[in-house]
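Below, each chain spelled out in residue letters.
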Amino acid sequence: MSDKKRRILFVSALVTILFLNSCTVYTPAIQSPVTIKEKGQIQADANISFSSILLLPLGFNGSIAYGISDNTSVQLSTNMKLFDYYEYDISAGNYFINKNKFRLGLFPGYSYGKIDYLDMSGDIMSLPMNDWTGNYHNFYLRLQSLIDLKILTLGIGAKTGLFLPNLLMDNTIVNKKAIITQPTLYIKPNIEFDKISCGLSLTYLSLNTLGSFQNYNHIHQNFYNPFIVAFGFSYKFDTIKK
C-alpha cells in the first residue's frame, strides 16, 4: 500500500471516529472497582472520562467506599458531564471469592440521574434543535473480578440491569425501559506513591428496549456513546479499627 493510500485511509478513519463520537444525551457511569481488603478501610477515587478522540466533553467521577468487613463494602459515587447531566449512585456488595491473587464479587446498586441537554451536533442554523430534560433511574447488578498479575491489577466487570427514563425531548415523552449491558476493563499498575495509585478504565454500553429489543441509538440518534475511557487516582486511608 502506497503512502498516499495510507494517508487517505487514516484521514477517513479519523473522520469516521469523530462522527461516531459526537455529543450524546446520556453517558454511562465509570465505577471504580472496590479494592478494599480490610474491615474499616476507606477508599476514595477520582476519575476524568471522555468518549471522543478530541477528549471532549469531559466527564467527572468521584467515589468513596467503606469496608464493612474484609469481604463486604458499600460505595457512594457521583458522576457528571459539564452542563449536561449529573448522577448519584449507591452500591453494596461482597467478594464471595477472596484470594490473594483473585477476587470475585457481586455488587447490586441503584443510581439516579438528571439530564438538561441541548443537542447542538447538527446545523445550528436549522431550528429547532433537540432539547432533552428529565431524569432516569438505574437498578443493576455488577459482577466484579480482580486479578493480581504482580506488576498490575486487572479488573473485569460485567454490569446489567434496567434503565428507566422519565425524559422529555422537545416536549415529547421518552420513557421506554431498556436493558443495560456494560462490560468494563480496569487496569491498575501495582505501584503506589504515598498510598496513591492510578488506574485506567474502558467500558462499553448497550441500551436495548424491553420487549422489542431496539437499541436506543436507533430510536434516538446519538442518545448515548457506547465507548467511554476514564483515567483517575485512588487513595486508601488507614484502616479504622475499634
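Residues numbered from 1 in each chain as written. Predicted model: local features only at pLDDT ≥ 70, side-chain atom pairs only at ≥ 80, totals over all residues. Heavy atoms only, no water.

### Concerning the overall build of the chain
Here's step 1: A tally of helices and strands in the chain yields two helices and twelve strands.
Here's step 2: Going from N to C terminus, the chain has its helices and strands arranged as α-β-β-β-β-β-β-β-β-β-β-β-α-β.
Here's step 3: Counting across all 242 residues of the chain, residues that qualify as buried make up 40%.
Here's step 4: For the chain, restricting intrachain contacts to residue pairs at least 6 apart in sequence, the fraction spanning at least 24 positions comes to 59%. (Helix = DSSP H or I, 4+ residues; strand = E, 2+ residues; numbered from the N terminus. Buried < 20%, exposed > 50% of the residue type's maximum accessible area, 1.4 Å probe, protein only. Contact = heavy atoms within 4.5 Å.)

### Re the packing of aromatic side chains
Here's step 1: Summed over all chains, the structure comprises 14 aromatic pairs.
Here's step 2: Considering the side-chain rings of Tyr95 and Phe107, the 5.3 Å spacing of their centres and the 75° angle between planes classify their relative orientation as edge-to-face. On the criterion of sequence distance, the pair formed by Tyr95 in strand E4 (residues 85–98) and Phe107 in strand E5 (residues 102–118) is long-range, its members being twelve residues apart.
Here's step 3: Ring geometry for Tyr235 and Phe237: centres 4.8 Å apart, planes at 75°, overall edge-to-face.
Here's step 4: Over the ring of Tyr95 we find Arg103, and its NZ or CZ is 4.1 Å from the ring centre.
Here's step 5: Across the ring face of Tyr140, the terminal group of Lys159 is positioned such that the distance to the ring centre comes to 4.2 Å. (Phe/Tyr/Trp six-rings, centres within 6.5 Å; stacked < 30°, edge-to-face > 60°. Lys NZ or Arg CZ within 6 Å of the ring centre and 35° of its normal.)

### Notes on the side chain of Asn208
Here's step 1: Relative to the helices and strands, Asn208 resides in strand E11 (residues 206–209).
Here's step 2: Side chain to side chain, Asn208 and Ser206 meet in a polar contact 2.8 Å long.
Here's step 3: The contacts of Asn208, once residues within four sequence positions are left out, are Lys177, Ala178, Ile179, Phe213, Gln214 and Asn215. (Polar contact = N/O pair within 3.5 Å; in protein donor to acceptor, adjacent residues only side chain to side chain.)

### Considerations on the environment of Ile36
Here's step 1: Considering the arrangement of structural elements, one finds Ile36 in the loop between helix H1 (3–20) and strand E1 (42–50).
Here's step 2: Taking the C-alpha atoms as reference points, Ile36 and Ser73, 37 residues apart in sequence, are found 7.7 Å from one another.
Here's step 3: When sequence neighbours within four positions are dropped, the list of residues in contact with Ile36 reads Gln41, Ile42, Gln43, Ala65, Tyr66, Gly67, Asp70, Arg103 and Lys236.

### Some details on a nonpolar patch on the surface
Here's step 1: Taken together, the side chains of Ile156, Leu185, Ile196, Leu200, Leu202, Phe231 and Phe233 define a hydrophobic patch exposed on the protein surface, amounting to about 560 Å² of accessible area.
Here's step 2: Taken together, the elements giving at least two residues each to the nonpolar patch come down to strand E10 (196–204) and strand E12 (227–236).
Here's step 3: A per-element tally of the nonpolar patch places E10 first, with three residues.
Here's step 4: Relative to the assigned elements, Ile196 resides in strand E10. (Patch = residues over 30% accessible without salt bridge, like charges linked within 9 Å, V, L, I, M, F, W, Y side chains within 5 Å. Areas by Shrake-Rupley, 256 points an atom, 1.4 Å probe, with all protein chains shown as cover. Salt bridge = Lys/Arg side-chain N within 4 Å of Asp/Glu carboxyl O.)

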